[in-house]
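Chain by chain, the residues run as shown.
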Number of protein chains: 2
Amino acid sequence: MSDSFDRVRQLLRRLPGLGQRSAERIALHLLVEQPESCAALVDALRDAALHVGRCEVCGNVCETGPDKTGGICRICADASRDHALVCVVEQVPDLLAMEKAAAFRGVYHVLHGKLSPLRGIGPEALNMAALRARILSGSVLELILALSNDIEGEASCHYIQDQIAAGVELKVSRIGFGIPSGGGIGYADPVTLRSALDGRRSI
Amino acid sequence: MSDSFDRVRQLLRRLPGLGQRSAERIALHLLVEQPESCAALVDALRDAALHVGRCEVCGNVCETGPDKTGGICRICADASRDHALVCVVEQVPDLLAMEKAAAFRGVYHVLHGKLSPLRGIGPEALNMAALRARILSGSVLELILALSNDIEGEASCHYIQDQIAAGVELKVSRIGFGIPSGGGIGYADPVTLRSALDGRRSI
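These figures come from a predicted structure and were not determined experimentally. (Residues numbered from 1 in each chain as written. Chains lettered and ligands numbered in written order. Predicted model: local features only at pLDDT ≥ 70, side-chain atom pairs only at ≥ 80, totals over all residues. Heavy atoms only, no water.)

Here we take up the domain arrangement of chain A. Entries for chain A in the domain assignment read domain 1 (3-49) and domain 2 (82-174). Distance from the C-alpha centre of domain 1 of chain A to the C-alpha centre of domain 2 of chain A: 35 Å. (Domains from an automatic or database assignment.)

All names here are of chain B. Its identity is not glycine, yet Ala102 carries a phi of approximately 50°, on the positive side. One non-glycine residue, His112, lies in the positive phi region at around 60°. Residue position: His112 is located in the loop between strand 4 (106-110) and helix 5 (128-136). (Helix = DSSP H or I, 4+ residues; strand = E, 2+ residues; numbered from the N terminus.)

Rotating chain B by 180° and moving it 0.1 Å along the rotation axis overlays it on chain A with an RMSD of 0.1 Å. Overall, the copies show the geometry of a two-fold rotation axis. Closest approach to the rotation axis among the C-alpha atoms of chain B is made by Val42 of chain B, whose C-alpha sits 2.8 Å away. A symmetric contact is evident, with 100% of the interface residues of chain B recurring at the interface of chain A. (Least-squares fit on C-alpha atoms with pLDDT ≥ 70 in both. Contact = heavy atoms within 4.5 Å.)

Listed per partner, the contact involves 53 residues of chain B and 53 residues of chain A. Connecting chain B to chain A are eight salt bridges. Residue Asp47 of chain B is joined to Arg7 of chain A by a salt bridge in which the shortest nitrogen-to-oxygen separation is 3.4 Å. Our enumeration of links across chain B and chain A arrives at 10 residue pairs in polar contact (both at pLDDT 80 or more). Of all the secondary structure elements, the ones that give two or more residues to the side of chain B that touches chain A are helix 1 (3-13), helix 2 (20-33), helix 3 (35-51), strand 1 (52-54), strand 2 (61-63) and helix 4 (92-101) of chain B. Grouping the constituent residues of the side of chain B that touches chain A by class yields 29 nonpolar, eight polar and 16 charged. (Salt bridge = Lys/Arg side-chain N within 4 Å of Asp/Glu carboxyl O. Polar contact = N/O pair within 3.5 Å; in protein donor to acceptor, adjacent residues only side chain to side chain. Nonpolar A, V, L, I, M, F, W, Y, C, P; charged D, E, K, R; others polar.)

What follows deals with the sheet that holds strand 6 (residues 171-174) of chain A. All names here are of chain A. On the basis of which strands lie adjacent, the open sheet formed by four strands has the order 4-3-5-6 and parallel pairing. The outermost strands of the open sheet, each flanked by one partner alone, are strand 4 (106-110) and strand 6. The average angle at which neighbouring strand axes cross in this sheet is 25°, direction not considered. Relative to strand 5 (residues 142-146), strand 3 (residues 82-89) runs parallel, the two being bridged by five bridges. Across the sheet, residue Leu85 finds its bridge partner in strand 5, namely Glu142. Sheet contacts for helix 4 (residues 92-101): strand 3 and strand 4; angle to strand 4, the most-contacted strand, approximately 160°. (Pairing = 2+ DSSP bridges. Axes fitted to C-alpha atoms, helices over the stretch in contact; angles between N-to-C directions.)

Residue and element names in this part refer to chain B. The parallel open sheet is built from four strands, whose spatial order is 4-3-5-6. Edge positions in the sheet fall to strand 4 and strand 6 (171-174), since each of these pairs with one other strand and no more. Averaged over all pairs of adjacent strands, the angle between their axes in this sheet comes to 25°, without regard to strand direction. For strand 3 (residues 82-89) and strand 4, the ladder comprises five bridges, and the chain directions are parallel. Its bridge partner lying in strand 4, Val88 is registered against His109. Helix 5 contacts strand 3, strand 4 and strand 5 (142-146) of the sheet and is inclined by roughly 145° relative to strand 4.

Tallying each qualifying case throughout the model produces zero disulfides over all chains. Between Cys157 of chain A, a cysteine without a disulfide, and Cys87 of chain A, which holds the nearest cysteine sulfur, the sulfur-to-sulfur distance is 11 Å. (Disulfide = S-S within 2.5 Å.)

This is the structure in structure tokens:
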């Protein structure tokens, strides 16, 4: 419709989860229907672009200095949490989901991905060295691996157990897999059912 | 996680079609995973905020002067299109869908909504006066109403026929409703089936 409108629409289209139509709707909303929301978003993005980075300890999102370094996230800075208990997750949304469940009072380590030889993602592309350093510092007593229930998650678990946790007295566990809360057996896929059988517990 | 991150996430959450999780994913993408895409989006939004407005003729999105006025959209500026044939739509996305179908060579008029007494949307809140002015100028010979197949769309059609097109020699039609392409009769809802029966044609 207009060059500057099309540019915005194309950039929105590249954002995760946005299709052709949603990008169009959002561009119309920002540029025509509610221009004041566009100004607010631009200000917030410019500000955040300067002040948001990764936590130096765990890799979570956090407020940083203007050079994007020197940040410690709210969870790592919280003295009331158990810093000896570290939950390893793939991505920041996994951490946010765990926090929403409010079932974990330890701290986190975000890998920013999982091992995938097929896609050329090795340990050096992930936040693994920092995890090894945390473990070697002696402050970690238990590692809970909350990685996905697939081959790449499996491979990452093995790598952490064999390499990252090597030579250190450490309890390592993996979160349980099975039928989700409220899920019927009849609707579960074969992989989930197999996990559920493997993970059965005496009652 | 961080105040500036949360602000971006909240503003994204208010955009049409974005839920809690998609806003989170997009904020992470823009601020942590691909910061260069954030800078590009901010630039495009700031530029477009100055140069995108509504076409003075039809209400479509278009490039305007810095005061958001004086714009004529590409379709209204296209001399190869039939300017005597005007298709009335509710929103810009409806116009974009018509253009994608490439089945219409006339021009458009965007109402930016439909009449809805229940939600307090009267004719003065819509782009109706400009449509009346276009019709009175004598340049329009035919009006195709491509408004939605519901009570509010129906009311808007009646209003246009009775008030906006009043006292002018003008052909007014409404687009056909019925079973969509590839749609089975068994899956159609009752309203669609009724429309399809009403819209039957001799073969």
